[in-house]
Amino acid sequence: LVLFALPLGLLLGLSLWHNYARFHDPFEVGYRYLTVVWQARIEKWGLFSYHYLARNLGVVLTSLPFQGRGGGASLQISIHGLAIWLTTPIYLLLLWPRRKPGTWWALGLTAACVALPSLLYQNTGQVQFGYRFSCDYAVFLLAMLAISRPKLGIGFWVLALCGVLVNAFGALTFDRPRFAHFYADERTGAIYQPD
């Protein structure tokens, strides 16, 4: 344990020293000095809070394209990103695993532990096409999928192809001025279709 903790302790010490060198406080990371629209929210609720959980879960699980308000696009996408099951549809197979050995459960618990900080974070990850914080635990979800031994039939390949097509659209259009009409107005920060 000591050998394992030594490099972590060294990195923590370097981080504390870096904070002190920048802000004369080893525990100040600099968020207090941000000049962002949601600064009041950070000051009221902090960087991590249960207060943000519902909104972040909404983005992760329910953020879908919606009917546009003009500008040439019939569908628009929130700049908070799309639900992870829409950008990676093969994750849906985790709802019906063929096998659930102990490793599957351990990976699920690990994914949940890694996901929790981002779900309690004051920011949804905005500006993004898909939920970018899911990259932190994607390896555990994909390992769960592999361990569950899904049937590699037509359903699997249709889901995989849908994921490729959705992300190809995102890669071609996201943050490109020519395709800005596909994305909800950044100034509103709307997660869902406006009323």
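Residues numbered from 1 in each chain as written. Predicted model: local features only at pLDDT ≥ 70, side-chain atom pairs only at ≥ 80, totals over all residues. Heavy atoms only, no water.

1. Here's the deal with the side chain of Thr173
Then, in step 1: Relative to the helices and strands, Thr173 is located in helix 7 (residues 154-173).
Then, in step 2: For Thr173, a relative accessible area of 4% puts it in the buried group.
Then, in step 3: Those residues in contact with Thr173, other than ones at most four positions away along the chain, are Phe179, Phe182 and Tyr183. (Helix = DSSP H or I, 4+ residues; strand = E, 2+ residues; numbered from the N terminus. Buried < 20%, exposed > 50% of the residue type's maximum accessible area, 1.4 Å probe, protein only. Contact = heavy atoms within 4.5 Å.)

2. Some words on the environment of Leu61
Then, in step 1: Mapping Leu61 onto the fold places it in helix 3 (residues 53-62).
Then, in step 2: Of the residues examined, Leu61 reaches a relative accessible area of 45% and is grouped as partly exposed.
Then, in step 3: For the pair Leu61 and Leu82, spaced 21 residues apart in sequence, the C-alpha separation works out to 8.2 Å.
Then, in step 4: Excluding anything up to four places from it in sequence, Leu61 contacts Ala83 and Trp85.

3. Details of the confidence of the model for the protein
Close reading of the predicted structure is inappropriate where its pLDDT is low.
Then, in step 1: In this model, the protein carries a mean pLDDT of 90, and residues with pLDDT of at least 70 account for 93%.
Then, in step 2: Across the protein, helix 5 (residues 102-119) holds the top mean pLDDT of 97, while strand 1 (residues 66-70) sits lowest at 72. (pLDDT = per-residue confidence, 0-100.)

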